[in-house]
Amino acid sequence: KNDAESFLALFSAGLIEESPEGRAERAKEWKNVDANGNGLVSLAKIDRWIKQSLVSKYGKCEGIRLWRACRLGTLRAFDQVKDIVPPRIPRKDGRGRATSGPGSLSASGNDFITKREFRLLVSLLRVYARMVDAFSVIDGGGNGDARSLRTVGSIGDYSDRHIDLTEWLEGYEKLSGSGFAALGCVTDPKQAFTDMYADCGERVLLREWCDYLEKAEVEGGTEMGRLFTTVAEQKNARDAEMTAASAKGAGKSSPAKPLPVGRTEDFKTFNSCFSFLSGKTDKARSSRARSWRTLDDNGNGMASLAEVDGWIKIRLVSHCKSKERGGAIWRQFRPAYLRAFKRAREVAPDERTKKSAQTELDGGEFISKKEFRLLCGFLCAYARMHDAFRVIDNSSSDDRGKAIASLEKLQDDRRIDRQEWLCNYQKVSAHGLVALSAGAHPEAIFDAMDADKGGMVLFGEWCRFLEEAEMNAGTDMGKMFAIATEGKRRKTAVLTKSLAQDPGAEIGTIDIGPTDELEKFLSCFKQLTARNQEGREARGAEWSLIDANANGLASLAEVDGWVSQRLVRSFGEEVGGNLWRLFRPSFILAFNRGKILAPTIDVGSANTDTTTDDYISKAEFRPLVAYLCVYARMLDAFSIIDGGGAGVDANDDRRIELREWIEGYGKVASHDLAGLVGIVDPQEVFMEMDADGKGMVLLGEWCQYLEKKEVEAGTEMGKEFYVGA
């Protein structure tokens, strides 16, 4: 029995029948889902019900595996069904108390399903489980057995959540008996593949796969097609009902879209406190002058980040007339202050202090009075972006029915994953940000935001995406960002020219090459990456040293200890110990890359959710060693530029600034890394590497950039990263 069959066996056809027995069975299950009896069920409750049902039938390990595998299908089924029954606003009397009666129709965010929608939901859960299973057979070359339904949130041996042409041509015949009209008799597989990918990206995503199969079922008039037709007809009826209600004054908004959450009260308070200061009127200038005197209390004409931060707090407390309320808002929007400060600092060099171009670019530690107006504008802009970010990142399964973000956590993690975005993107369409106002293609928007393709959007990536959209649209906010971008470009040009005229400056022309330490490290581990019999035997011997308890898994601590022991065995206590300490920052990067390759299996106790994704398995050992060598190479190049020389010394601060990059990029051209060869515009490369836009490149950003370039170049190293992507 494959995964889809296991899933269908639990949610049997009897649960969707229109017979008395089917209605009785649905009523029983509805009580389990709607535990509080309010007649509404959120996505979180549906997800929890599916998990509990699967665990109850198949046990914890197998049940959780099936639950994780079907979650994208669950989300699609929920989104298809939730808008069928129009939500209603309860009737209220003159005192605002709820009264009996059905209430008026509302077009506000419908993040629930009702009992009327439950039968259709179960029907679609069954359909999408089969579609996901068929998708997984092709994606990675699966065969439809118990491993064909890949785990969402981890990566199978080859599964990458999209189907390319090669995979399709090799595997489409496996699905001829899958029961889908579009897959039963494929006469022209290349044309079928072209018809599937809607975004012309030459790869088929799960969303496109489902759209294609649904369309074929509807056109073929199959039983499954009639189900999709029913869903579409009921949605059309719902829209017509909402339109009629709106015409009578019962509705408040357009029936086509849920009402966004909009800007929070905290942001409105923050914006009202600072937006006036960015104006160009005489009154605004007068107010800015007074505020600048408060900020620049020592009268030196400059303000540091710490001074700006303190001034923001004081102003908010005064504006709110409450130390507690003002302090809470100050803390909430603090991540926006550094970005605003950096942006404002880019606008113009401080001529009064006559700093060198190098200090101008590296320092960025003060703003002047001429940059103060834009600082206030940037504070409001980034606070707006942060507010929208938090609306999505904070969304949870509460009693008010806000669509959930991550299905199990109830608090933000300062990052947005794909599921959080898809569940909640409509809530921020009224935030006054161009990129969030349309939301017509949420999947494509998420892919554009996720600059490093890590499967999640950090605040820095979020801001850069929104900034670019504002600049492209030519909005007032975009014009501010354009001014700062041009200022940054001018400063960078000045720095480059200054360094070029400095006879003592070396602008990346002398290639140092890989260090002796790297060569020793690679010689110790390279043989373990071989795919021949000798390599397999060597890995088997080393694995027995790591997996001392023979449980088939190795933790980060065990891997770290093994690396140390192998280096000491090869080079002795002193040299081996030094090599271990020198390259140790790269070990966790290799471990995190390697641990997600094999399918996820639950290995925790009854009270924990520990899975094999917390460990390295034997199947992941060869890729782990390959990643150890790759990341050690990247760290070696990073260390040469950081501090200006090979190895580690007092000048190394584990970050690369623009000056260090311009002076040193040529020193690492022979490190056999695609991203460091043939650099024409080092300034542009630095800006691409600086993922969070803070003016410095950390080791994580450095490695992400180099990984991407290896994949784009199609190198052997890139193939290792592509498998683990």
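This text goes with the structure placed above it.
Model, not experiment: these values are computed from the prediction.

1. Some remarks on the nonpolar core
With 120 residues, the main nonpolar core has Trp-209, Trp-421 and Trp-462 as its most contacted residues. With residues near it in sequence (within four places) discarded, Trp-462 still touches Met-385, Ala-388, Phe-389, Ile-392, Ile-416, Trp-421, Leu-436, Met-449 and Val-457. Grouped together as the second largest cluster of nonpolar side chains are 57 residues, Cys-524, Leu-579, Phe-587 and Tyr-631 included.

2. Some points on the state of the cysteines
Taken as a whole and assessed by the stated rule, the structure comprises 0 disulfides. The structure places no disulfide on Cys-376, whose sulfur is separated from the nearest cysteine sulfur, that of Cys-380, by 7.3 Å. Judged by relative accessible area, which is 0%, Cys-376 ranks as buried.

3. Thoughts on helix α29 (residues 621-641)
Relative to the 30 Å expected for 21 residues at 1.5 Å per residue, α29 spans 31 Å between its end C-alpha atoms, a close match to the ideal helical length. Across the 21 residues of α29, 21 count as buried, placing the element largely inside the fold.

4. Re the pattern of salt bridges
Counted according to the given criterion, the structure contains 24 salt bridges. In this structure, the salt-bridge partner of Arg-23 is Glu-18, at a minimum N-O distance of 3.9 Å. Look at Arg-23 and you get partly exposed, because its relative accessible area is 43%. Between Glu-663 and Arg-659 there is a salt bridge; the shortest N-O distance is 3.7 Å. Of this pair, Glu-663 and Arg-659 are both found in helix α30 (residues 658-664), 4 residues apart, which corresponds to roughly one turn of the helix. The exposure class of Glu-663 is partly exposed, given its relative accessible area of 21%. The structure contains a network of salt bridges with shared partners spanning Glu-18, Arg-23, Arg-26 and Arg-119.

Cut-offs and rules
Residues numbered from 1 in each chain as written. Predicted model: local features only at pLDDT ≥ 70, side-chain atom pairs only at ≥ 80, totals over all residues. Heavy atoms only, no water. Core = buried A, V, L, I, M, F, W, Y, C linked by side-chain atoms within 4.5 Å. Buried < 20%, exposed > 50% of the residue type's maximum accessible area, 1.4 Å probe, protein only. Contact = heavy atoms within 4.5 Å. Disulfide = S-S within 2.5 Å. Helix = DSSP H or I, 4+ residues; strand = E, 2+ residues; numbered from the N terminus. Expected span 1.5 Å × (residues − 1). Salt bridge = Lys/Arg side-chain N within 4 Å of Asp/Glu carboxyl O.

So yeah, pure geometry; function would need other evidence.
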